[in-house]
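Observations on chain architecture
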Amino acid sequence: MGICKIFDPYPKENKEDFFDNDEVLDEIIKLIEGKFWPLLVGPKRTGKTSILKILSKELEGIYVDASGVKTLRGLGNMLLKNALNLKLKVDLKVISIELTKRPVTAIQELLSNLDSKVIFIDEAQNVASPWFISILSVAYNTSQVKFAFSGSMIGLSKIISGKSKKAKFKGRPIVEVNINPWDDNTSMQFLKEGAKRCSINIAEGEIEDAVRTYRGIPGWLTYYGNFRSLGYPHDRAKQLVLNIARNIIKDEIEEFGEIEKTIIRALTLVERARWGDLKKVTEALLKREINDSSFTHALNQLVNARVVNKKVGDNTYSLIDPLYKEVLSTPY
């Protein structure tokens, strides 16, 4: 039995397999055509990678997964690998050698020969260094190449556009596009449409329960739909999704420091909390007091990483991904 495309948990590459975000796709294409550089910002598992891959295929661009890239040389090698099938006027072997010695110069030379190609860089926060900003600035002012980015960090547009003391990006064509979790109605329509396309039966009550459980996170809804399309019943499908989430989320949490981890655990105990109340719960879990500035910094890190949502109206904080609470309900 093959995987039903709409419920395929891998990032989508074809527009017809993607659900709901036609407006976002159209907006990004419009921005690129207007010589702006879109930056998709949103929580993990909300479809940013799928959007970049689909647009890369639609626009015959170059897609770069920067999630494992740690250096400019690594970024250059990925760009070079994707450029091998292109008919360029430059000798790619020379650029390959240059990458080992002068990666900034080599990348600039490669970009200058890509004409009006669009380069889609996924998880751009991993390469957003002052040197990278300098490369973007030169590319914007001296070539026709275009960029689109994605990331999970609030403030990434400020970093990439060089609005800092260390680097200045004179062109600043960055336009931020927010990718948010779905509302309940969209989540419900996704599961119903998926059930229809995959010729499977998901009861109305089961759909409603899944919508409550996954609270608009497309990634988890897709996993659930995939397990249902493979013949698993509702409760077993939910358990299998939780098993997957447990490994993924624990790895994500390990990237944070002690205070950030404890704030996350505190937010599994309260649905929504104000700064002062959240600090008290966090201190109780840590069994020590936390300096106000240290706590605020840690909390802002989680907000910037799109793990925690800050509601502007009443200044309360909550976890964006509901499965964080499920995963952390037992000690790790």
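Structure: above.
Description of the structure in this document. (Residues numbered from 1 in each chain as written. Predicted model: local features only at pLDDT ≥ 70, side-chain atom pairs only at ≥ 80, totals over all residues. Heavy atoms only, no water.)

1. Notes on the packing of helix 12 (residues 258-267) against helix 14 (residues 292-304)
Helix-helix packing is described using two parameters, namely the angle between the two axes and the distance between the axes. Here helix 12 crosses helix 14 at 70 degrees, and the two axes come no closer than 9 Å. It follows from the interaxial angle that helix 12 and helix 14 lie roughly perpendicular. As helix 12 packs across helix 14, the resulting crossing turns out to be right-handed. Each of Ile 259, Glu 260, Ile 263 and Ile 264 in helix 12 lies in contact with helix 14, whose residues at this interface are Ser 294, Phe 295, Ala 298, Leu 299, Gln 301 and Leu 302. (Axes fitted to C-alpha atoms, helices over the stretch in contact; angles between N-to-C directions. Helix = DSSP H or I, 4+ residues; strand = E, 2+ residues; numbered from the N terminus. Parallel < 35°, antiparallel > 145°, perpendicular 65-115°, else oblique. Left-handed = near helix turned anticlockwise from the far one by under 90°. Contact = heavy atoms within 4.5 Å.)

2. With respect to the state of the cysteines
Cysteine pairs can be linked by a disulfide, which is a covalent bond between their two sulfur atoms. What the rule picks out here adds up to 1 disulfide. Disulfide pairing is shown between Cys 4 and Cys 198; the S-S distance is 1.9 Å. Here the S-S torsion is close to -95 degrees, and the disulfide linking Cys 4 with Cys 198 is therefore left-handed. Remark: Cys 198 occurs in the loop between helix 8 (184-197) and helix 9 (204-214) and Cys 4 occurs in the segment before helix 1 (22-33); sequence separation between them is 194 residues. In terms of burial, Cys 4 and Cys 198 fall into one category: buried. (Disulfide = S-S within 2.5 Å. Buried < 20%, exposed > 50% of the residue type's maximum accessible area, 1.4 Å probe, protein only.)

3. Side note on the packing of aromatic side chains
If you walk through the whole model with that rule in mind, you get 12 aromatic pairs. Relative to Tyr 140, the ring of Trp 37 has its centre 5.5 Å away and its plane inclined at 85 degrees; by these criteria the two rings are edge-to-face. Of the two residues, Trp 37 sits in strand 1 (residues 37-41) while Tyr 140 sits in helix 6 (residues 130-142), which places them 103 residues apart along the sequence. Residue class for Tyr 140 comes out partly exposed when judged on its relative accessible area of 32%. On the basis of an interplanar angle of 85 degrees and a centroid distance of 6.5 Å, the ring pair of Phe 132 and Phe 149 is categorised as edge-to-face. A residue pair is termed long-range when its members are at least 10 positions apart, and Phe 132 in helix 6 and Phe 149 in strand 4 (residues 146-151) qualify at 17 residues. In this structure, Phe 132 and Phe 149 share a single accessibility class: buried. Every member of this aromatic cluster is reached through a ring pair, and the members are Trp 37, Phe 132, Tyr 140, Phe 147 and Phe 149. (Phe/Tyr/Trp six-rings, centres within 6.5 Å; stacked < 30°, edge-to-face > 60°.)

4. Re the pairing of strand 7 (residues 308-311)
Sheet analysis places strand 7 next to strand 8 (residues 316-319), joined by 4 bridges and oriented antiparallel. Residue pairing across strands places Lys 310 opposite Tyr 317, the latter belonging to strand 8. Between the end of strand 7 and the start of strand 8, which pair antiparallel, lie 4 residues, with Asn 315 showing a positive phi angle near 55 degrees. (Pairing = 2+ DSSP bridges.)

5. Focus on the sheet that holds strand 5 (residues 174-178)
One open sheet accounts for 5 strands, arranged 2-3-4-1-5; its pairing is parallel. In this open sheet, the two edge strands, each paired with only one partner strand, are strand 2 (62-65) and strand 5. Shown here is a sheet whose adjacent strand axes are inclined to one another by a mean of 20 degrees, direction ignored. With 4 bridges connecting them, strand 3 (residues 118-122) and strand 4 associate as parallel partners.

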